[in-house]
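Architecture and fold: a report
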Amino acid sequence: MPRIVIPKVFVLAETMVVSAGLGAFLQSGLGVEGWESDAESPAELLTEVAGKSCYLSFDKSLNKNLTRTGTRTNHEYIQEQIIKMRHGSVLEHATVTFAFVDVSRVFTHELVRHRAGTAFSQVSGRYVRSDDIGYFLPKVIADRPEAAGIFEEAFKTMEDWAADLARSVDIDNMKDFSLKKTLTSAFRRLIGNGQSNHIIFTANHRALRHIIHMRTSRGAEEEIRHVFAEVYRLCLARYPAIYSDALVTLVGGINEVSFAGHV
Ligand SMILES: Cc1cc2nc3c(=O)[nH]c(=O)nc-3n(C[C@H](O)[C@H](O)[C@H](O)COP(=O)(O)OP(=O)(O)OC[C@H]3O[C@@H](n4cnc5c(N)ncnc54)[C@H](O)[C@@H]3O)c2cc1C
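My aim in this report is to walk through the structure given alongside it, one point at a time. (Residues numbered from 1 in each chain as written. Predicted model: local features only at pLDDT ≥ 70, side-chain atom pairs only at ≥ 80, totals over all residues. Heavy atoms only, no water.)

Description of the packing of aromatic side chains
For the coordinates displayed, the defined rule picks out 16 aromatic pairs. Ring geometry for Tyr 135 versus Phe 155: centroids 4.1 Å apart, planes at 10°, classification stacked. A residue pair is termed long-range when its members are at least 10 positions apart, and Tyr 135 in strand E5 (residues 134-135) and Phe 155 in helix H6 (residues 145-169) qualify at 20 residues. Across the pair, exposure class does not vary: Tyr 135 and Phe 155 are buried alike. Within the aromatic cluster, the residues linked to one another by ring pairs are Phe 98, Phe 100, Phe 107, Phe 120, Phe 201 and Phe 228. (Phe/Tyr/Trp six-rings, centres within 6.5 Å; stacked < 30°, edge-to-face > 60°. Helix = DSSP H or I, 4+ residues; strand = E, 2+ residues; numbered from the N terminus. Buried < 20%, exposed > 50% of the residue type's maximum accessible area, 1.4 Å probe, protein only.)

Remarks on the environment of Ile 6
Secondary-structure assignment places Ile 6 in the loop between strand E1 (3-4) and strand E2 (8-14). Of the residues examined, Ile 6 reaches a relative accessible area of 52% and is grouped as exposed. Remark: the alpha-carbon pair of Ile 6 and Leu 137, spanning 131 residues in sequence, is separated by 8.3 Å. Sequence-distant contacts of Ile 6, defined by excluding residues within four places in its chain, comprise Val 101, Asp 102 and His 226. (Contact = heavy atoms within 4.5 Å.)

Concerning unusual backbone geometry
Positive phi, close to 60°, is recorded for Arg 86, a residue that is not glycine. You will see that Asp 170, though not glycine, has its phi angle at about 50°, which is positive. Looking at where Asp 170 falls in the secondary structure, it is placed in the loop between H6 and helix H7 (177-187).

Any functional reading would require information that these geometric values do not contain.
Quick look at the structure:
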């Protein structure tokens, strides 16, 4: 039987800093002595280092044009010197990898439109059979019992078609893997975009700020708004210096997250 699913977001990986390499770069590469950061995460540390390496602003001795250094926290530096000054490229060094599970192919098609600073690995509809269908039920349908019933019936019909097709060619006992793959790919054409699947998604922080802004906006689809509101919540907790300038408004029960200082 088809199942109603709720999208899930998992943080799989994030940028780390190699302390020995960073220390050697600062000391023997640039001649920086005794510099320290109060960054709360490697992503924020790397962002600060990358930014400060541009103006050699670790201390006054490195750049005679500077009259004042070391007065700002990592949080203040990223917000005031990187984000407010629109030096968004500095936010591209650090990345985060998420797994989105129980998301529809409607969602993943929208997601992969974001090309700049992103990477994707999605479950293969050619190799993996669509015979156990989960689906997200949009609120606008859930609120209307007759429509919700039609949704359920439609997904059940799709599952039945997939099972009938599999039986018709006896795919379970087929030895020819190449033919199996070709048939699996052909079967999926009968399954709607609403079927749930999963995707692994990596983005740098500049791209992520942009995508959170676009995809939590009130004009975006409910499912993707739900996922990126959660992405924002996780990012704010992990990298407050990079995400704390957001304006958050509850719209239709989901946070709309906008970055006025779009960089
Ligand atoms: C509410 C909503 C409704 C939408 N409706 C539709 C629709 O009806 N039809 C449709 O086809 N799409 C639609 N889209 C998708 C939209 O048009 C974009 O393709 C998608 O949001 C990706 O965003 P992006 O173009 O900013 O790309 P990203 O890859 O996220 O790029 C980020 C930024 O980098 C820059 N950039 C990226 N690539 C290039 C490039 N090649 N050249 C120059 N600059 C670049 C741009 O400044 C861009 O904004 C919709 C999106 C939203 C949020």
